[in-house]
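# Residue-level structure breakdown
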Amino acid sequence: MKSETMSTRNELAIDNELDIRGLCRSLWQGKLWIIGLGLGFALVALLVSLLMTQQWSSTAVTDKPTVNNLASYFSQEQFLRNLDAKNTFTPAGDQSSISDGAYSEFIMQLAAYDTRRDFWIDNPYYSQRKTGNAGEDAVLLDKLIAAIQFVPRDDKKVPNDSVKLTAESAADANKLLRQYVNFASARAASNLYDEIQGAWATRAQSMKAQVKRQEAVANAIYSRELNNTQQALNIAQQQNIDHSMTQATPDSLPDSDMFLLGTPMLQARLKLLQASGPSFDIDYDQNKAMLATLNVGPVLNAKFQTYRYLRTPEEPVKRDSPRRVLLAVMWGIVGGLIGAGVALARRRVVK
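Residues numbered from 1 in each chain as written. Predicted model: local features only at pLDDT ≥ 70, side-chain atom pairs only at ≥ 80, totals over all residues. Heavy atoms only, no water.

### With respect to the overall build of the protein
Definition in use: Elements are defined by DSSP. Helices are runs of H or I of four residues or more, strands are runs of E of two residues or more, and each kind is numbered from the N terminus. We call a residue buried when its accessible area falls under 20% of the maximum for its residue type, exposed when it is over 50%, and partly exposed in between, using a 1.4 Å probe and counting protein chains only. Contact between two residues is taken to exist if any of their heavy atoms lie within 4.5 Å; hydrogens are not considered. Each accessible area value is a Shrake-Rupley result obtained with a 1.4 Å probe; residue values ignore everything except the protein chains displayed when judging cover.
Assigned secondary structure in the protein consists of 13 helices and four strands. With 351 residues in all, the protein has 31% of them scored as buried. In the protein, of all internal contacts separated by at least 6 residues, the share reaching a separation of at least 24 is 80%. As displayed, the protein offers around 22,200 Å² of accessible surface, 56% of which is attributable to carbon and sulfur atoms.

Here it is in structure tokens:
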């Protein structure tokens, strides 16, 4: 009984052992299946990749514009900032630079969903691929919108802002990315143009009100001085005061004692006031000159550049998708594994 049990256990242990030599022999005998299915799968994957839509990506890296890029916008914006600094006594260092402000608007437009959508709607690339079916066209538009990817600057990882566009050919990827960057810049420039026009009109209205207020104050002072001089002259004539009866200057005398200057001096003072009119300080003259400039309006080029390239878009040299060699190798391996399974299954059937 004991010997029979031991022999049974030895047979089970032998059956559970992996016969490496036999396995390799079976795989070698079925090498035609392994090679054939591997090559077949690789060939099918290669043929399928020829039918797949190609994807090529072009990348652009941007940074804030220079003064030359901003053209006349820089000078007009600087004029408004100097005007605000004069009126509010705001230090120039407390404001962000003009280039930073323009570039912030550009980045906002570059990453905006509406900017990407409007770009594709008006672009022939999308129009040529429309099928006329509303649902299919909407799906296509969503794919094209997703094909534009903006990567914001990260001080720790990404030093500059970048944007990538994926298209069906290398030439299209390059051309479309250039068009999109220019489209986003034009929208940013349009917004900045409208903003500076509104700010200009606001400053002109404020300056006009300030000039009117200064004129009203000067006219009120002039009318009061003219009336006081006329009244003092009438009193002096009634009192027959034909010479000055005080050593004080006219400006230091109170209005009630001005008649003491005498008729001749008061007549001369009255004629001088009538001839000269209201007096204004230098601030009034500066505000009048500033108002004349503001009334002309901003002289802007509506199409100025709100960015500069650190990496200009170029035609890509490598295709993103499909990767034919990788697909052929992967599916060739899958076919080889299936061939190995077939070879082992046939060996068991033969046994």
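### Notes on the confidence of the model for the protein
Put simply, the rule is: Along the chain, pLDDT gives the predictor's confidence residue by residue, from 0 to 100.
For the protein, per-residue confidence averages 80 on the pLDDT scale, and residues scoring 70 or more make up 82% of the total. Taken element by element, the predicted model of the protein shows its lowest mean pLDDT in helix α1 (residues 2–16) (51) and its highest in helix α7 (residues 113–121) (94).

### What about the packing of aromatic side chains?
Using the following cut-off: Note on aromatic contacts: the rings of Phe and Tyr and the six-membered ring of Trp form a pair at centre separations within 6.5 Å, being stacked when their planes are under 30 degrees apart, edge-to-face when over 60 apart, and tilted otherwise. Counting as a charge over the ring demands two things of the Lys NZ or Arg CZ atom: a distance within 6 Å of the ring centre and an angle within 35 degrees of the ring normal.
Enumeration according to the criterion identifies ten aromatic pairs in this entry. Ring plane angle 45 degrees and centroid distance 5.7 Å describe the contact between W120 and Y125, whose orientation is recorded as tilted. Residue Y125 is classed as buried on the basis of its relative accessible area, which comes to 8%. Among the aromatic residues, those joined into a cluster by ring pairs are F119, W120, Y125, Y180 and F183. Stacked on the ring of Y125, the Lys or Arg R129 has its end atom at 3.7 Å from the ring centre.

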